[in-house]
Amino acid sequence: MCGILGQINKSDFVNADLFCQMLQTIHHRGPDGNGVYYNENNCLAFGHTRLAFLDLSEAGKQPFISNNEQIIVTFNGEIYNYLELKKELLNSYNFITNTDTEVIIAAYQIWGMEFVNKLKGMFAIAIYDKKINKIFLVRDRFGIKPLYYFYNENHLIFASELKAILAAGLVKKEIDYSSFSDYFVYRYIPSPKTIWKNIYKIPPANYLTFDMDTFSFSL
């Protein structure tokens, strides 16, 4: 289990101190280390708390940056068929680690978002593609790994846990009573709703596309 976090601001810098506090709320998900990536104008931040179990070296740290420095990934989960996919990609990508994270980056570079259909596993993935200035938030087919988000006209925040989003101080902690009712009917809260108003979760087997140029998303 690892933890992922991201914040994208439309016009102002990401507050680095506050972002690290947000990341600290999910430190228990990845006690082996953490990392943060900021883009060139500091309006985007990706964070990761690491539970190391494949490549235990420093080379496996996240957020992970591609060889050409155009793709950034923060990822929670496990890709069961990553070795098979790696064999397919060896002639197209120069691997430097033994992680499934780097296989995700290579697969995205070669196959685009079709790569998701090739993955077998449980995962919540955030991809930042600098070339097209877009972000993709991906959740596995059964929704085993959680991925929540908050969006308004000036901010997008995503995280592995609700409390990391709440720690940003941009959304009030208000119960969504329709979600509350759903819980007693279904014994869980169906996607995309959560227990809190204005915070949502990516449905299983779906991905969100966020365009940083227009500051809008599609799901």
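For the structure, see preceding data.
Let me begin by describing the structure that accompanies this report.

## So, the side chain of Asn9
Turning to its location among the elements, Asn9 is positioned in strand β1 (residues 3-9). Among the polar contacts made by the side chain of Asn9, one reaches the side chain of Gln7 at a distance of 3.0 Å. Setting aside its immediate chain neighbours within four residues, Asn9 contacts Val14, Cys43, Asn154, His155 and Phe215.

## Examining the packing of helix α2 (residues 82-89) against helix α3 (residues 100-111)
It is the contact of α2 with α3, at a shortest axis distance of 10 Å, that shows an interaxial angle of 45 degrees. As the angle between them shows, α2 and α3 are arranged oblique. For the pair α2 and α3, the crossing hand works out as left-handed. Residues Tyr82, Leu85, Lys86, Glu88 and Leu89 of α2 lie in contact with α3, whose contacting residues are Asp100, Val103, Ala106, Ala107, Ile110 and Trp111. Each residue belonging to the contact of α2 with α3 can be placed in one class, and the counts come to eight nonpolar, no polar and three charged.

## Section: the sheet that holds strand β10 (residues 200-201)
Sheet strands associate in pairs through backbone hydrogen bonding, adopting either a parallel or an antiparallel arrangement. In spatial order, the strands read β2-β3-β1-β9-β8-β10; together these six strands make up an open sheet with antiparallel pairing. The open sheet has two free edges, formed respectively by β2 (34-38) and β10, since each of these has just one partner strand. In the sheet, β1 pairs with strand β9 (residues 155-159) via five bridges, with the strands oriented antiparallel. Bridging across to β9, Asn9 finds its partner in His155. Strands in contact with helix α1 (residues 16-24) are β1, β2, β3 (44-49) and β9; relative to β2, the strand with the most contacts, it is inclined by about 145 degrees.

## Quick look at the packing of aromatic side chains
All chains considered together, the criterion is met by 17 aromatic pairs. Pairwise contacts between aromatic rings join Tyr149, Tyr151, Tyr200, Phe210, Phe215 and Phe217 into one cluster. Positioned above the aromatic ring of Phe95 is the side chain of Lys86, whose terminal nitrogen or guanidinium carbon lies 5.1 Å from the ring centre. The positively charged end of Lys118 is found above the aromatic ring belonging to Trp111, 4.4 Å away from the centroid.

## Focus on the pattern of salt bridges
In this structure the tally under the stated criterion is four salt bridges. For Glu40, the salt bridge is made with Lys130, and the minimal N-O distance between the two is 2.7 Å. A residue pair is termed long-range when its members are at least 10 positions apart, and Glu40 in the loop between β2 and β3 and Lys130 in the loop between β6 (121-129) and β7 (134-139) qualify at 90 residues. Assessed through its relative accessible area of 61%, Glu40 is described here as exposed. For Asp182, the salt bridge identified is with Lys193, shortest N-O distance 2.5 Å. With Asp182 in helix α5 (residues 177-186) and Lys193 in the loop between α5 and β10, this pair connects stretches of sequence that are 11 residues apart. Looking at Lys193, the relative accessible area reads 24%, which means it is partly exposed. Sharing partners across several salt bridges, the network here consists of Arg29, Glu161 and Lys163.

## Focus: the environment of Glu78
Tracing the sequence through the fold places Glu78 in strand β5 (residues 71-79). Between the C-alpha atom of Glu78 and that of Leu119, which follows or precedes it by 41 residues, the distance is 9.7 Å.

## Quick look at the pairing of β5
The buried count for β5 comes to eight of nine residues, which makes it a mostly enclosed element. Two strands pair when backbone bridges link them, and strand β4 (residues 64-65) and β5 are joined in this way by two bridges, in the antiparallel orientation. For Phe64, the partnering residue across the bridge sits in β5 and is Val73. Between β4 and β5, which follow one another and run antiparallel, lie five residues, and Glu69 among them has a positive phi close to 65 degrees. Bridge analysis of β5 against β6 gives nine bridges, and the strand direction is antiparallel. Bridging from a neighbouring strand, Ile72 pairs with Tyr128 of β6.

Conventions adopted
- Residues numbered from 1 in each chain as written.
- Predicted model: local features only at pLDDT ≥ 70, side-chain atom pairs only at ≥ 80, totals over all residues.
- Heavy atoms only, no water.
- Helix = DSSP H or I, 4+ residues; strand = E, 2+ residues; numbered from the N terminus.
- Polar contact = N/O pair within 3.5 Å; in protein donor to acceptor, adjacent residues only side chain to side chain.
- Contact = heavy atoms within 4.5 Å.
- Axes fitted to C-alpha atoms, helices over the stretch in contact; angles between N-to-C directions.
- Parallel < 35°, antiparallel > 145°, perpendicular 65-115°, else oblique.
- Left-handed = near helix turned anticlockwise from the far one by under 90°.
- Nonpolar A, V, L, I, M, F, W, Y, C, P; charged D, E, K, R; others polar.
- Pairing = 2+ DSSP bridges.
- Phe/Tyr/Trp six-rings, centres within 6.5 Å; stacked < 30°, edge-to-face > 60°.
- Lys NZ or Arg CZ within 6 Å of the ring centre and 35° of its normal.
- Salt bridge = Lys/Arg side-chain N within 4 Å of Asp/Glu carboxyl O.
- Buried < 20%, exposed > 50% of the residue type's maximum accessible area, 1.4 Å probe, protein only.

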